[in-house]
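Descriptive structure summary
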Amino acid sequence: MDFVVNPDRELSECVLVMGLLVNGRTTLDDFIFTERSRSFAEILKEFGLTWEEKGASTLLNGIGFSYKIPTLLKIPDSENAMALLLSLASKDDETLFTATGNAEVLEKAKHFLSQIFGAVIESENETEAGKTFTFHFAKVLPILKETREGYLPYLAKNAVLLNALVCGKNLECEERSPVRSGFVDMLSYFGVNIQVQTSGMQEMSELERRLAKARGIKTERRTKTIIQETKILTSRDYFVPGDPTEACALVTLSILSPVFKGKKIVVKNVLISTDRAGAFSALKRMGAKIDFGSRHERYGGAYADVISVYDKRLSARRLAEDILCTCIEEYPFIALAASTADGESILRIPDSLAKELRPRCEILAQNLKQTGASIGVYEEGLVVRGREELDAGNFDAENDAVFGLMFHVVKLFSQGETTIENEGQIDLIFPGIIDKLTEMAKS
């Protein structure tokens, strides 16, 4: 069976920004607006973006770096879109802006403005229309801090690079292991004067590495991203690959349910960049039969058909943070796979995200225990002892759409009757995916 998933959510938002900054037309091939991407496009309309939908193509009309910046900033629910929006506004460090949105989003926006742009919050108000706060950008360079795992948080990195682009500044940032570098690739594709340089052990001979180690010289690999002033962007056609999280839901169902033994499931044109779609690598390390076909490296990124088939019961593995930090969003599907695996799996989350992800691990453990798997939460993540057949349960996704989607996968192959409470806005965030999973289960 062949499936097509929605365009990657974050790249969809990124390319809308690039469409604004191009002075001319950008054609998006086979692009479908979701409610999330259309909502962001409507916000960018106030900055000067317009578009036309013609059949399978969407034509973006941009106005270049002379875009307008409204003083009332509508903060989108998506954190990725929020970071991009605030970066566009950061070109103006004299205006007093007013931010409006729901309370949770505004708290995230305040934290992001303070931590990255050093913005000063002037006042906070609550009106009939909702909460607002006023702020202005500080005349300081944005701040980037490398995590303990050696990467720059990608939302912050993207915001700082976009700030440098729209302000015409030169900037260098360095890290050990980049994650989610799709926006960097996109910038390069649209003609931004940006370079990525790698240095370290791979450039040294074995003798040079030994001598360096003996002298106490650090030889770890480092990646430096350098952006320089760019006066104009190139008008280009672009294709947004399929969303890896949606694809992961389909793939997980196919590799965990013996019903699919011998049946090939193909998810077309999915984003497979290793620093974003690490879920497929993690599942393959557990013994899943997953292959990539029709691979393409165009438009500044890599995408391919993801082909999966049930082969045998998965094997438990120790998955370290280096792979799991490339698939944090798909972490619940990795935990589900471990719940069916033979043996004890350790799923280690990045230390820098431990405080943020600990509550999610607690939710996963509490719910997946109902399936009969043995799951424990520890400081660094989850310890999971799998069970060959999973029981159904009464799951509570606590309004997290990714959890809700994962529980729907459980529902379609577990033993018994499953109910899912507070499944989140799955149809809003992953439109049509439940129908695809149901169609697949009935095949």
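Calculation notes
Residues numbered from 1 in each chain as written. Predicted model: local features only at pLDDT ≥ 70, side-chain atom pairs only at ≥ 80, totals over all residues. Heavy atoms only, no water. Helix = DSSP H or I, 4+ residues; strand = E, 2+ residues; numbered from the N terminus. Rg over C-alpha atoms; globule rule 2.2 N^0.38 Å. Buried < 20%, exposed > 50% of the residue type's maximum accessible area, 1.4 Å probe, protein only. Contact = heavy atoms within 4.5 Å. Pairing = 2+ DSSP bridges. Axes fitted to C-alpha atoms, helices over the stretch in contact; angles between N-to-C directions. Core = buried A, V, L, I, M, F, W, Y, C linked by side-chain atoms within 4.5 Å. Parallel < 35°, antiparallel > 145°, perpendicular 65-115°, else oblique. Left-handed = near helix turned anticlockwise from the far one by under 90°. Nonpolar A, V, L, I, M, F, W, Y, C, P; charged D, E, K, R; others polar. Phe/Tyr/Trp six-rings, centres within 6.5 Å; stacked < 30°, edge-to-face > 60°. Lys NZ or Arg CZ within 6 Å of the ring centre and 35° of its normal.

- For the chain, the name recorded in an unreviewed UniProt entry is 3-phosphoshikimate 1-carboxyvinyltransferase, with Hallerella porci as its organism.

With respect to the overall build of the chain
- When its secondary structure is counted, the chain shows 15 helices and 21 strands.
- Relative to its length of 443 residues, the chain is compact, with a C-alpha radius of gyration of 22 Å against a globular reference of 22 Å.
- Along the longest, intermediate and shortest principal axes, the C-alpha atoms of the chain span 65 × 60 × 40 Å.
- Across the 443 residues in the chain, those meeting the buried criterion constitute 54%.
- Contacts in the chain between residues at least 24 apart in sequence constitute 74% of all its contacts with a sequence separation of at least 6.

Describing the sheet that holds strand β17 (residues 344-348)
- If you walk across this open sheet you meet the four strands as β16-β17-β19-β18, and the pairing is mixed. The sheet is open, and its two edges are formed by β16 (318-319) and β18 (374-378), each paired on a single side.
- Summarising the sheet, β17 and strand β19 (residues 381-385) pair through five bridges and their orientation is antiparallel. Paired with Ile346 across the strands is Val383, a residue of β19.
- Of the strands in this sheet, β16, β17, β18 and β19 are in contact with helix α11 (residues 331-340), which crosses β19 at around 25 degrees.

With respect to the nonpolar core
- In terms of nonpolar packing, the biggest core is built from 77 residues, with Leu283, Leu336, Leu347, Leu382 and Leu437 touching the most fellow members.
- In terms of residue count, helix α13 (residues 401-413) provides more of this core than any other element does, nine residues in total.
- Apart from the residues within four sequence positions on either side, Leu437 is in contact with Ala249, Leu250, Leu253, Leu405, Val409 and Leu412.
- Counting 73 residues, the second largest nonpolar core, distinct from the first, contains Val17, Ile43, Phe47 and Phe133.

Describing the packing of α13 against helix α15 (residues 433-442)
- Between α13 and α15, the shortest axis-to-axis distance is 11 Å and the interhelical angle comes to 15 degrees. Classified by the interaxial angle, the pair formed by α13 and α15 is roughly parallel. The handedness of the crossing between α13 and α15 comes out as right-handed. Contacts between α13 and α15 involve Leu405, His408, Val409 and Leu412 on the former and, on the latter, Ile433, Ile434, Leu437, Thr438 and Ala441.
- Taken together, the residues that form the contact of α13 with α15 break down as seven nonpolar, two polar and no charged.

Description of the packing of aromatic side chains
- Following the criterion strictly, the structure yields 19 aromatic pairs and no others.
- Arranged with centres 5.7 Å apart and planes meeting at 45 degrees, the rings of Phe133 and Phe135 form a pair that is tilted. Residue Phe133 shares its accessibility class with Phe135, and that shared class is buried.
- Judged by centre distance (6.4 Å) and plane angle (35 degrees), the rings of Phe403 and Phe407 are tilted. Placement of both Phe403 and Phe407 in helix α13 is noted, with a separation of four residues, approximately one turn of the helix. With respect to burial, Phe403 and Phe407 carry one shared label: buried.
- In this arrangement the basic side chain of Arg236 is found over the ring face of Tyr189, its NZ or CZ atom lying 4.0 Å from the centre.
- Sitting over the ring of Phe403, Arg360 keeps its end group 4.5 Å from the ring centre.

Examining unusual backbone geometry
- With a phi close to 50 degrees, Asp30 is a non-glycine residue in the positive phi region.
- In this structure Asp30 comes out as exposed when scored by relative accessible area, which is 54%.
- Non-glycine residue Tyr299 carries a positive phi angle of around 60 degrees.
- Tracing the backbone shows Tyr299 in the loop between β14 (289-298) and β15 (301-309).

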